[in-house]
Every structure is written in C-alpha cells, then in structure tokens.
Amino acid sequence: MTVTIVGSQLGDEGKGALVDLWGGDADIVVRYQGGDNAGHTVVEDGEEYKLSLVPSGAVRDKVGVLGNGCVINPRTLFSELDDLRERGLEPDVRLAKRAHVIMPYHRRLDNIEEEAKADSDLTVGTTGRGIGPTYEDKAGRRGIRVGDLLDPEVLRQRLEYVVPQKRAVIEDVYGLEAGEECDIEALVEEFTEFGRRLSEEDMVVNCGDFLAERRDAGENVMFEGAQGTLIDIDHGSYPYVTSSNPTAGGASTGTGLGPTVVGQGEVVGIVKAYLSRVGEGPMPTELKDDDRDEELADYIREKGGEFGTVTGRPRRIGWLDLPMLRHAARVSGFTGIAVNHLDVLAGLDEVKVGHAYELDGEERLTMPATTERWAECEPVLKEFETWPEVDWTEVAEEGYEALPDAAQDYLEYISDELDVPVYAVGIGPDREQTVHLENPFDK
Ligand code: IMP
C-alpha cells in the first residue's frame, strides 16, 4: 500500500501534520523532491520540531528516505540529525545515491541571481537554499550526486570540472569575487568527510531497489511531497516556482518506483482552508484591496502562524481558490483531501472563497496556463456562513458531526467541487487536533 501526500496550493498547507498522523501506519516515509527549502513543523506531545530536510516521519521512528528526486545539503542534513539526536530521538534516514548534492556555490549563485533579478519583476523570492542552481546542474549533467561523495577521486574530478565554471560566472558574469564556495580543496575535504559519515552510518541506498524490497516484504510506503502544486516547475505559476515536481508524478520519478505503484495507492491533496504564499507571483484571491482586507490578512496571518518555517518571512494571505484546487486535483489525480487550519477561519465576520475566475468577461473554473493570464484573473467570490470559535479539542474527540454546521457546509462544498472525499480536517496545530474521517492506509 502506498499513500502520496501532495500540497494542493502554494506550499505550507500543513502536510507535515498529516504525514505524521498517517505515517503511523507507514513503515517508510519517502521525500521525492526538493531540499532544505521545505519547512515542516511537526508537533508531537507538545514538542515542536521544525525540519527542513529530514522527512517528518523520522520524528515517529519511521525509516525516512530522501529519494533521488531530492537535492540534499549535507550541512543541513547533519545539523538536523544532530539536533534530533540531542533531543532524544534516533532518526533512521537514508539517502538515494542518485540524489543531487547542494554545494556551497549553489547557494551563492541562488542569492546572486535573485539580487540580479531585483530590478525586474523576475525575482522569484527563493528561499536562498541553492535549490534552483542544483537542479540546473542536474539537468546540465554537471551535478554532484550523493554517490559521488563516497569516492573522493570521483568527487574531485567532478569539482575540478564544474568549480572553474562557477567561479567564471560569479566573477566574469556578475563581477563579484568568488569566495570559499569555489575552493576545490576545501570542498573535497568537507564533502569527503560527509561521504565518510554517510557510509559509516549506513545511510546511503539505491532508492528504487531499497523501496521495492521493502514493499515486497509487505511494508507500507508514504510518499511525502514538499512545497505545493502551484510552485511545481511544470504545473505551477512559472517562473515563480521551485525547480522540482511536488505533484504526484514526482513520487514516481523521484523515488524509482513506477507510476503504477503510486497510482494503485491513495493520493491525498492537502488543502489549507484559506491561501498563503511566500515569495512572488499572482494570487487572485489575495486579501490586499483595502484596509479591511489587510486587517483581515494580518489577523489570519497571526492566528495561523503564517510566517515561513525556513525564512521567517510573513506569508501573503488570501481566500481559498477553487480554480487552483481543481487544477491541483487533476494534475495529481487526488483520491481524497485533508483540509487544514479550519479553526483559523472561526469567529470571522466574513468567510469567502474564490469559486471561479473572471477573465476577458468570461467565467472560468480552472487556471490559465500562463502566469501573465493568471494575473489578469479576477476572483468570483462566493460567501459562506461564518462559524464561531468552539472548543476544538472537544470537537476533535467527538468527530465530524461536532464541527459547527457552517464549517461542515464549507468542507462539503470543497469536497463536492473536487469530487473527492475529505479524509481529515485540521483544527489546531497538534496532531490530536484533527477530525478523522478516513485513514488512507485503511482504504
Ligand atoms: P526555491 O525553492 O528556494 O528555489 O524557491 C522558489 C519558490 O518556491 C519561492 O517562491 C519560494 O518562496 C517557494 N518555496 C520554496 N519552498 C517552499 C515551501 O516549502 N513552502 C512555500 N513556498 C516555498
């Protein structure tokens, strides 16, 4: 059995909480794309864990795998592992030999390019973690892979080819000075040491084979997508996207298990009950038109804790966007959804959703393919009855029927529009604060 967890909006939908919840029935949790740009906050027994690279299942004694579709910064990896160990956990994390390594020059180039774009509308607002430049090198066939860290000669050979190019870009294209990120000797030394530690701790695997063997032995696999559909490099709002495929297809190419394996399982879209966005790009339902909107956005931002896990940046806030969700449900083939942060909308004077867009005087239910056309879309808003603050812990204990009627109507509307059932509703940050309807591993 496999369950794939996909962010259906712009990232930060609260995927970590569901991975953590249902991951209890998984034996292995695999991340299939992205790197330390992701931020999962997992709350377990009142303890908060902020992770950017280690799969959140590792907090619950699961085997956590970083698949070949990931880009891995070993500095971040070991710092998170050391931190978890200091807090008494024993995370079991494996890395695909085919995954690419984020090198210090990738981070530098990420930041340089963002700055270079600052004078135009092209700034992406990246997390500055070197994600884009690492995937560029992967596609350019000049990347460093995890397997290369295990052989100092191979590592040196690859660095001797690629580092002079990076130096030339930094110095000749951007007129800046290259620093220690381009010091081949220092890189060989530091990254060989990472390789030694990976081998010593038996952390490196041939991902597809490893997962296939565990599946043959009857184990359950959860594929954990990071980020969200609208920042997918193919299906998102290009160029305001990350450089990988958070959508469900990535679960196959990013792990080495076939699409039929992913497709035979459940694919659950995680939906935040409203919308947030870090970084640039259109957001038709953004709350920003007047003071009242801004006040509402401030309130939701504070209440929902809408500040970047990785960067601390305040997130932009908007109403739920149905054309976006319809797009996400089709791209990934959702079999169910979980709706998070429903409690954050409680007690408001108004609750709306963007039911459709108006573009060129016509109403449309899905998103246009270009970002420029998307930016021209005006939301067609639908107003909902509001629901009051209630004792959410009590609601979680009693179940779905204990949710206020108006909140149930809101959920049923989303479920009907996407034509998929709701498996869970998040009504607070703790794992306990979830209304369970169905565990996808029991399907
Ligand atoms: P990058 O992934 O750092 O290259 O950033 C590209 C875009 O994706 C930027 O708009 C980021 O803000 C956004 N992004 C990357 N990771 C996340 C995430 O985990 N949550 C939300 N947005 C993200």
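Numbers given to residues run from 1 along each chain, matching the order in which its sequence is written. A pLDDT threshold of at least 70 governs which residues receive local features in this predicted model, and a stricter bar of 80 or more applies before side-chain atom pairs are shown or counted, although totals over entire chains, interfaces and linings include all residues. Remark: hydrogens and water are excluded; side-chain values derive from all non-hydrogen atoms of the structure.

### Let's talk about a negative patch on the surface
Together, Asp289, Asp290, Asp291, Glu294, Glu295, Glu358, Glu363 and Glu378 make up a negatively charged patch on the protein surface. With three residues, the single largest contributor to the negative patch is helix α10 (residues 291-304). Each patch is built from salt-bridge-free residues with over 30% relative accessible area, joining like charges within 9 Å and nonpolar side chains (Val, Leu, Ile, Met, Phe, Trp, Tyr) within 5 Å. For accessible areas, the Shrake-Rupley method is used with a probe of radius 1.4 Å. Any residue's cover is judged against the shown protein chains and nothing else. Any carboxyl oxygen of Asp or Glu within 4 Å of a side-chain nitrogen of Lys or Arg constitutes a salt bridge here. When charges are counted, Lys and Arg contribute as positive and Asp and Glu as negative, whereas His and the chain ends are disregarded. For the purpose of locating charges, the reference atoms are NZ of Lys, CZ of Arg, CG of Asp and CD of Glu. Starting at the N terminus, helices and strands are each numbered in turn, a helix being any DSSP run of H or I of at least four residues and a strand any DSSP run of E of at least two.

### Brief notes about the UniProt feature "binding site: Mg(2+)" (unreviewed entry) in the chain
UniProt positions are given in the numbering used here, feature names are shortened, and annotations may be inferred rather than shown by experiment. On the UniProt side, "binding site: Mg(2+)" (unreviewed entry) is annotated at positions that read Asp12 and Gly39 here. Annotated residues spanning 28 residues; largest pairwise C-alpha distance 7.6 Å, indicating a single compact cluster. Looking at the element boundaries, Asp12 is found in the loop between β1 (2-7) and α1 (15-22). Note on definitions: a residue-residue contact is assigned when non-hydrogen atoms from the two residues lie within 4.5 Å. In this structure Asp12 touches Lys272, Ser276, Val278 and Arg315, once residues within four positions along its chain are discounted. Positionally, Gly39 belongs in the loop between β2 (28-31) and β3 (40-44). A 1.4 Å probe rolled over the protein chains alone gives each residue an accessible area, and that area as a share of the maximum for its type sets the label: buried under 20%, exposed over 50%, partly exposed in between. With a relative accessible area of 26%, Gly39 lands in the partly exposed category. Leaving out residues up to four positions away in the same chain, Gly39 has contacts with Leu51, Ser52, Thr309 and Val310.

### Re the sheet that holds β2
For two strands to be treated as a pair, DSSP must find no fewer than two bridges joining them. Pairing within the open sheet is mixed, and its ten strands lie in the order β9-β7-β5-β2-β10-β1-β11-β15-β19-β20. Where the open sheet ends on each side, the last strands, each with one partner, are β9 (204-205) and β20 (434-436). Sheet topology note: the strand β7 (residues 92-96)/β9 ladder contains two bridges and is parallel. In the sheet register, Leu95 faces β9, and the bridge partner there is Val204.

### Things to note about the side chain of Ser332
The residue Ser332 is located in helix α11 (residues 322-332) in this model. Residue Ser332 is classed as buried on the basis of its relative accessible area of 7%. Residues contacting Ser332, with those up to four places away along its chain left out, are Val6, Thr247, Ala248 and Val267.

### Some thoughts on the site of the ligand
For the ligand, the set of nearby residues contains 17 residues, the closest of which are Asp12, Asn37, Gly125, Thr127 and Thr242. Thr127 has a polar side-chain atom sitting 2.6 Å from an oxygen atom of the ligand. Between the ligand and the protein, one listed contact pairs a nitrogen atom with a side-chain N or O atom of Gln227 at 3.2 Å. Protein coverage of the free-state accessible area of the ligand, which is 470 Å², stands at 96%. Residue polarity is assigned by list, with Asp, Glu, Lys and Arg as charged and Ala, Val, Leu, Ile, Met, Phe, Trp, Tyr, Cys and Pro as nonpolar; anything else, Gly included, falls into the polar class. The class makeup of the residues in the shell around the ligand is seven nonpolar, eight polar and two charged. Consider each residue's heavy atoms; a residue with any of them within 4 Å of a molecule or strand counts as near. Polar contacts, as counted here, are pairs of nitrogen or oxygen atoms within 3.5 Å of one another; within protein the pair requires one atom able to donate a hydrogen and one able to accept it, and residues that are adjacent in sequence qualify only if both atoms are side-chain atoms.

### Points about the pairing of strand β16 (residues 351-359)
Across the nine residues of β16, seven count as buried, placing the element largely inside the fold. As defined by bridge partners, strand β14 (residues 320-321) adjoins β16 across two bridges and the pair is classed as parallel. Note on β16: the bridge partner recorded for Leu320 is Val353. Two strands pair when backbone bridges link them, and β16 and strand β18 (residues 378-384) are joined in this way by seven bridges, in the antiparallel orientation. Note that in β18 the partner of Val351 across the bridge is Phe384. Between β16 and the antiparallel strand that follows it, strand β17 (residues 362-364), lie two residues; Asp360 among them carries a positive phi value of about 50°.

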